[in-house]
Amino acid sequence: MSSALGLYTVLSVFIPEDTAMKIALILPGTFLLFWLWAALTAKAAEDDVPPSLPKSGLFTAWPFFTTQFDFLAKGFTLTGQSIYQFQLLYCKVVVLSGEPARRDFFAARSLDLHEGFRLLSGAMPMQPGVTSEITVQRVHQMFKRLTALQNSDRLSRLVPHILDDTARIMQSWGTSGTINLFEDIHHLVFQTSVRCLASTELADDPAMVLRLKSLYDTIDSHATPASVLLPWLPSWGAIRRLWATKEIYDIVCSTINHRLRSGISRDDTLQLLLDNADHKMVSVGFIMGFLAAGARSTGTTASWLITFLSGDRHWRQQAAAEVRQLLFHTAAVAAACDSPPAPLSDLGTLLASIPLETWEGSTPVLDALIRETLRLAEPHNAMRKNTGPALKLGGKTVPTGAFVLYPFSDAHLSAELYPDPWRFDPARPESKMPCAYYICMGQRLAKVELKLITAMFVLGFDFCAVDRTGRALEALPRPDWNDTLTCKPPKDSCFLKFQRVPT
């Protein structure tokens, strides 16, 4: 009140007393309201910002890339929130969980997948004149070609070739023995991926397939925090990754040039790319990029699917019965139980007689096995960069330039959606998974590959999981979600003992 009287006294010297009285009464109240509004809006703005992890920068870079699953889970525990942020050197990263944030995330048009994946995944390094020329526009063109590759006619023609490659590699294992699932099956899938996504010349050259796989393994194994976040730092890992990338580039370019010079037209993916007269970097980027992504993802799924089946006789028998039923209906084939095992190439020929539409539409057991394996053993995180204005995700503000990450474990390992989530149970009822928001562009080809490889396994072999001494495992290992590329179990903890059986 005294402040209002003081203000009235000063004002009345310059203006009429009644006007001075009104201003003296109104002005303090106005200032009070403005102060309250500023305080409340500041608090609201603060509430809109995701809480930050206590440590940032150098303290987060290493665990983010080496133990990512544990790191992200610990962030939710430390902040006590469903959305939080941290600083990854010069990058702000916002981590989401929960249905509202997930829905907003996959619906936001300003979140760029290409930019987010390039930094946060530790994928193929950017190299001037090589991968740096693979622009966003060319990536879109590659996806168009990937869609064309997966039409029914082309996939039907690929099926016999996938089975031939699978039979040849399985035949090299012998009639009985032990294999390392996470090496030998990855090699098998890499071979079929080269067949499906590259060229006949490369796929028909076993030595070149091994060389390419070794180069991609080099890129993966040297994806350290320093090589990803500081690619200009001449560390040994960064140099190895760049050298491997350049050698892959040279192999692909040489293959393309050889095809063009020969004038020979082949029924393969390279010919599809050349016939569309795309820029050379579209063809190069397609083969380099999708070969890496396809072999990693499908190889991981195939390895874990066979691992899960090796410890579950019931589902092994269910899968074998389903494929036999397809053969009986399609090829009218029956084999005596005591007949000797036929060559795997013969089994591949029989399976190739099953139409593509049957593989895709009449295999509910194989579909359930793949779906449950993807839930348990694909440790992916959706990664984006906000290239537009600030936006709200799950009620929190994400600024321009920030990276956003949604871990699929939020749903795939949720006890609410999947009781006892780490248990392999293909009989689970289908739940709404985040995959429904983001469909893998290569999933049609990948599922066909997985079904064909699984069919060859369950009809061609009796198998079980063993330790390094050959003793049957009491329990299967759990997928390591900290290994974001392959989620392999601990080294030498699981092998596959097999015996060829009559078809």
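Note: the structure precedes this text.
1. Describing the nonpolar core
Judged by nonpolar contacts, the single largest core of 94 residues is most densely connected at Trp173, Phe286, Ile306, Leu351, Trp359 and Phe457. At 16 residues, the largest contribution of residues to this core is made by helix α15 (residues 280-310). Residues contacting Trp173, with those up to four places away along its chain left out, are Ile179, Asp184, Leu188, Phe457, Phe461 and Phe498. Within the second largest apolar cluster, 17 residues are counted, among which are Ile83, Ala382, Val398 and Tyr406.

2. A short note on the pattern of salt bridges
Enumeration over the complete set of coordinates arrives at 27 salt bridges. A salt bridge links Asp217 to Lys213; the shortest N-O distance between them is 3.1 Å. You can see Asp217 and its partner Lys213 sitting in helix α11 (residues 206-221), 4 residues apart, about one turn around the helix. Two residues, Lys451 and Asp367, come together in a salt bridge whose shortest N-O distance is 2.7 Å. With Lys451 in helix α21 (residues 443-460) and Asp367 in helix α19 (residues 364-377), this pair connects stretches of sequence that are 84 residues apart. This pair shows no difference in class: Lys451 is buried, exactly as Asp367 is. One network of salt bridges, in which partners are shared, links Glu99, Arg102, Arg103 and Asp410.

3. Re the sheet that holds strand β1 (residues 84-88)
Strand order in this open sheet of 5 strands is β1-β2-β8-β5-β3, and the pairing throughout is mixed. Two strands close off the open sheet at either side, each with one partner strand: β1 and β3 (111-112). Of the strand pairs in this sheet, β1 and strand β2 (residues 91-95) are connected by 5 bridges, and their pairing is antiparallel. Residue pairing for β2: Tyr84 is matched across the bridge by Val95. Here helix α4 (residues 68-79) sits on the sheet and contacts β1, β2, β5 (381-386) and β8 (403-407); the angle it forms with β1, its principal contact strand, is near 130°. Relative to β5, helix α5 (residues 99-107) is tilted by about 60°, and along the sheet it contacts β3, β5 and β8.

4. Side note on the sheet that holds strand β9 (residues 461-466)
An order of β4-β10-β9 is seen for the 3 strands of this open sheet, with the pairing classed as antiparallel. A strand with exactly one partner marks an edge of an open sheet, and here the two such strands are β4 (176-179) and β9. Along the sheet, successive strands turn relative to each other by an average axial angle of 20°, direction set aside. The pairing of β4 with strand β10 (residues 495-500) spans 4 bridges and is classified as antiparallel. Within the sheet, the bridge partner assigned to Thr178 lies in β10 and is Lys497.

Here is what the cut-offs are and how they apply
- Residues numbered from 1 in each chain as written.
- Predicted model: local features only at pLDDT ≥ 70, side-chain atom pairs only at ≥ 80, totals over all residues.
- Heavy atoms only, no water.
- Core = buried A, V, L, I, M, F, W, Y, C linked by side-chain atoms within 4.5 Å.
- Buried < 20%, exposed > 50% of the residue type's maximum accessible area, 1.4 Å probe, protein only.
- Helix = DSSP H or I, 4+ residues; strand = E, 2+ residues; numbered from the N terminus.
- Contact = heavy atoms within 4.5 Å.
- Salt bridge = Lys/Arg side-chain N within 4 Å of Asp/Glu carboxyl O.
- Pairing = 2+ DSSP bridges.
- Axes fitted to C-alpha atoms, helices over the stretch in contact; angles between N-to-C directions.

Everything listed here is a matter of coordinates, which is why it stays silent on function.
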